[in-house]
Amino acid sequence: MAVIALKCPSIEVAVVDISTQRITAWNSDQLPIYEPGLDDVVKQCRGKNLFFSTDVEKHVSEADIIFVSVNTPTKTQGLGAGKAADLTYWESAARMIADVSKSDKIVVEKSTVPVKTAEAIEKILTHNSKGINFQILSNPEFLAEGTAISDLFHPDRVLIGGRETPEGEKAIKALKDVYAHWVPEEQIICTNLWSAELSKLAANAFLAQRISSVNAMSALCEATGADVSQVSHAVGKDTRIGPKFLNASVGFGGSCFQKDILNLVYICECNGLPEVANYWKQVIKINDYQKTRFVNRVVSSMFNTVSGKKIAILGFAFKKDTGDTRETPAIDVCKGLLGDKAQLSIYDPQVSEDQIQRDLSMKKFDWDHPIHLQPMSPTSIKQVRVVWDAYEATKDAHAICILTEWDEFKSLDYQKIYDNMQKPAFLFDGRNIADLEKLRQIGFIFRSIRFLGFEVNRLRGLIKMGFKRPFDGEEFQEFPF
Ligand code: UDX
């Protein structure tokens, strides 16, 4: 909305929320979310044509176009628990809009919603309309966190779905005119409502599927001695495949991928398509497998136990340049290590101690078996320290796990870090950002998602020298490093 305000000075934008705390933050110098470039945009427009307010009803009743961006989390109980989207907030927003509206409105779905949500919303609005005309549009957002502002300035496409009626087309045109202030017309795609809704789920499923595909390959690379970075580089050179989104990692996180795929799975199941549902479910299963594999590797490399050992966790956010921790792989990795009684010292430049403690003490929701798993016990919480410096986190540690690809982790003084660590000093790079050769020279036992080409060659050398072959590729601890 801030970018719309910036690009369209003639349009007045009011952002409303029922949370006074959140609106106060949006009106202050300390915005409630960290997003590069956002401060600037907000400062340029706030008070001119961009307003933040808790007076929801007033602004809704005055608006011509209403973007609804409420939360649509995965349902945790009842029908579809673990997979279906919870539309409670959407429904109450629609009822409120119907209640307070006195003139015709265009209501835009901005939150990602299951296919055919617009139909349900339309029913709520028209059955309560008092003669007012409501046009529903689907305008899913494709921005990624950390690059939100540049994604919005230069979107690959803007997608607008609406009814194929004269009123629907008029509404589509009105929204298209807003984006046309800065997006070339040929990049604004207009479709029917259902295509727009499904395209968002499909895009996220395709993106996540690429990561799970390359992560699945990383397991095979480790078993065979290939280097997954080299494989993904070679594969991505095929112009039909392309180079982006092929970085093997400790797993994808974020508020969208898992939620949207689970939602897609549920829609497939409801439409009698179990084979299609299982196909997409596998993308999440591989993601869970990748996180578990990472924990297993840490433990097995460290002589099969991390009990009482200090492990430094560098990075907790689900990716760099954001403080967002929703579904971050760091939660599962930390819980796995704590389960093995490790002492964790966590540092992330943008995530607060409160947030980390909250994430680690929350019950885990098992998407495949919708029951809440046990939260961490108070003893495990004592095993966690959150610090504000990478050097502090790594001091006296037995191992380092890099779980977010923050740029600052690339330029740390690893010699100094190594000197202050317990020996042997292990470094597990879940994001492929560290310089393997340099770290090895310093003396680290270095393992990364792409490391094993190197390790397997070492292993082959050792086997030639008469060492017994380990049980599997994970069991390197039998060998002297
Ligand atoms: C995603 C979509 O990209 C965006 O279009 C949609 O609107 C919302 O969901 P976001 O969740 O902000 O955006 O982040 P994204 O950059 O897609 O990364 C998601 C996760 O995948 C992160 O944990 C990231 O580290 C991981 N990832 C990404 C990889 O592991 N490897 C890659 O090659 C790319």
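Small disclaimer: the values here were computed from a predicted structure and weren't measured.

Once that is clear, we can look at the overall build of the chain. Within the chain one finds 19 helices and 13 strands. A compact globule built from 481 residues should have a C-alpha radius of gyration of about 23 Å, and the chain, at 25 Å, falls within 12% of that. Dimensions of the chain, computed from C-alpha atoms along their principal axes, come out at roughly 85 × 50 × 45 Å. Sorting the 481 residues of the chain into buried and exposed places 50% on the buried side. Placing the 57 positive and 62 negative side-chain charges of the chain at their respective mean positions leaves the two points 4 Å apart.

Before going further, it helps to spend a moment on the site of the ligand. Taken together, 20 residues lie near the ligand, and F142, E145, S249, F318 and R431 sit nearest. Taking F318, its main chain carries an N or O atom lying 2.7 Å from an oxygen atom of the ligand. Side-chain polar atom of R431 to an oxygen atom of the ligand: 2.6 Å apart, as the coordinates give it. Computed on the free molecule, the ligand has an accessible area of 670 Å², of which 91% lies beneath the protein chains in the complex. When the residues that make up the shell around the ligand are grouped by side-chain class, the tally is eleven nonpolar, four polar and five charged.

In this structure, I311, L337, Y414 and F444 are the most contacted members of the largest nonpolar core, which totals 62 residues. With six residues, helix α13 (residues 329–339) is the single largest residue contributor to this core. Not counting the four nearest positions on each side in its chain, F444 is found in contact with I400, Y414, I417, Y418, M421, A425, F426, L427 and L439. Within the second largest apolar cluster, 30 residues are counted, among which are A5, V42, V108 and V178.

This paragraph deals with empty space enclosed by the protein. The tally for this structure, following the rule as stated, stands at three cavities of 30 Å³ or more. For the lining of the second largest cavity, the leading source of residues is helix α9 (residues 193–224), giving three residues. Considering only residue class, the lining of the second largest cavity consists of three nonpolar, three polar and three charged.

An order of β10-β9-β8-β11-β12-β13 is seen for the six strands of this open sheet, with the pairing classed as parallel. Where the open sheet ends on each side, the last strands, each with one partner, are β10 (384–386) and β13 (445–448). Between one strand axis and the next, the sheet turns through 20° on average, direction left out of account. Summarising the sheet, strand β9 (residues 343–347) and β10 pair through three bridges and their orientation is parallel. Following the sheet pairing, S345 is matched in β10 by R385.

Here the focus is the confidence of the model for the chain. Looking at the chain, pLDDT values average 90 and 91% of them are 70 or higher. Segment residues 467–481 is flagged for pLDDT under 50; beyond a separation of four residues in sequence, or across chains, it makes 31 contacts in the model. Both confidence scores are given for the complex: pTM 0.90, ipTM 0.97.

To continue, consider the packing of helix α11 (residues 257–270) against helix α12 (residues 274–301). At a minimum axis separation of 8 Å, α11 and α12 run at an interaxial angle of 165°. The orientation of α11 relative to α12 falls into the category roughly antiparallel. Of the two possible hands of crossing, α11 and α12 adopt the one that is left-handed. Mapping the contact onto sequence places Q258, I261, L262, L264, V265, C268 and E269 in α11 and V276, A277, W280, K281, V283 and I284 in α12. For the contact of α11 with α12, a count of residues per class yields ten nonpolar, one polar and two charged.

To continue, consider unusual backbone geometry. Of note, the bond from K423 into P424 is cis; its omega dihedral lies within 30 degrees of zero at -5°. Mapped onto the elements, P424 comes out in the loop between α17 (414–419) and β12 (426–429). Even without a glycine there, the phi angle at F245 is positive, about 60°. Note on placement: F245 falls in the loop between α10 (228–236) and α11. Judged by its relative accessible area of 39%, F245 is partly exposed. Of note in this structure, K341 is not a glycine but carries a positive phi near 70°. Mapping K341 onto the fold places it in the loop between α13 and β9.

For the rest of this paragraph, the subject is the pairing of strand β8 (residues 310–314). The buried fraction of β8 amounts to five of the five residues, a majority that puts the element mostly inside the structure. Every second residue of β8 is oriented toward a common face, with K310, A312 and L314 on one face and I311 and I313 on the other, all of them buried. Pairing of β8 with β9 involves five bridges; the strand directions are parallel. Residue pairing across strands places A312 opposite S345, the latter belonging to β9. You can see the chain leave β8, run along α13 and come back into β9, and the turn it takes is right-handed.

Rules used in this analysis
- Numbers given to residues run from 1 along each chain, matching the order in which its sequence is written.
- With the structure being a predicted model, the display of local features is reserved for residues of pLDDT at least 70 and the display and counting of side-chain atom pairs for 80 or more, all residues being used for whole-chain, interface and lining totals.
- Excluding hydrogens and water, the side-chain values take into account all heavy atoms of the structure.
- Helix numbers and strand numbers start at the N terminus; a helix is a DSSP run of H or I with at least 4 residues, a strand a run of E with at least 2.
- C-alpha atoms define the radius of gyration in this analysis, and the globule rule sets the expected value at 2.2 Å times the number of residues to the power 0.38.
- Throughout this description, buried means an accessible area under 20% of the type-specific maximum (1.4 Å probe, protein chains only), exposed means over 50%, and partly exposed covers the range between.
- Neither His nor the chain ends contribute to the count of charged residues, in which Lys and Arg are positive and Asp and Glu negative.
- To locate a charge, take atom NZ for lysine, CZ for arginine, CG for aspartate or CD for glutamate.
- Consider each residue's heavy atoms; a residue with any of them within 4 Å of a molecule or strand counts as near.
- Distance and chemistry together define a polar contact, namely a pair of N or O atoms within 3.5 Å, with one atom able to donate a hydrogen and the other to accept it when in protein, and with adjacent residues in sequence counting only for side-chain atoms on both sides.
- Accessible surface is estimated by sampling points in the Shrake-Rupley manner with a 1.4 Å probe; for residues, cover comes only from the protein chains shown.
- Only Asp, Glu, Lys and Arg are considered charged in this grouping, and only Ala, Val, Leu, Ile, Met, Phe, Trp, Tyr, Cys and Pro are considered nonpolar; every other residue, Gly among them, is considered polar.
- Buried Ala, Val, Leu, Ile, Met, Phe, Trp, Tyr and Cys residues form a nonpolar core when they are joined through side-chain atoms within 4.5 Å.
- For this analysis, residues touch if any pair of their heavy atoms sits within 4.5 Å.
- Whether a set of points on the 1 Å grid over the protein atoms alone is a cavity depends on a 1.4 Å probe fitting there but being unable to get out, while an open set qualifies as a pocket with protein on both sides within 12 Å along at least five of seven lines; lining residues are those with an atom within 4 Å of a point.
- Grid points are joined across faces, edges and corners, and a volume is the space filled by probe spheres set on the points.
- A pair of strands counts as paired when DSSP detects no fewer than two bridges linking them.
- Every axis in this analysis is a line fitted to C-alpha atoms, fitted for helices over the stretch in contact. Angles between the N-to-C directions lie between 0 and 180 degrees.
- Within a predicted model, pLDDT stands for the predictor's per-residue confidence, ranging from 0 to 100.
- Working rule for angles: under 35 degrees goes down as roughly parallel, over 145 as roughly antiparallel, 65 to 115 as roughly perpendicular, anything else as oblique.
- Crossings are assigned a handedness: left-handed for a near helix turned anticlockwise from the far helix by less than a right angle, right-handed for a clockwise turn.
- Classification remark: right-handed applies to a crossover when, strands pointing away from the viewer, the course from the first strand over the helix to the second runs clockwise.

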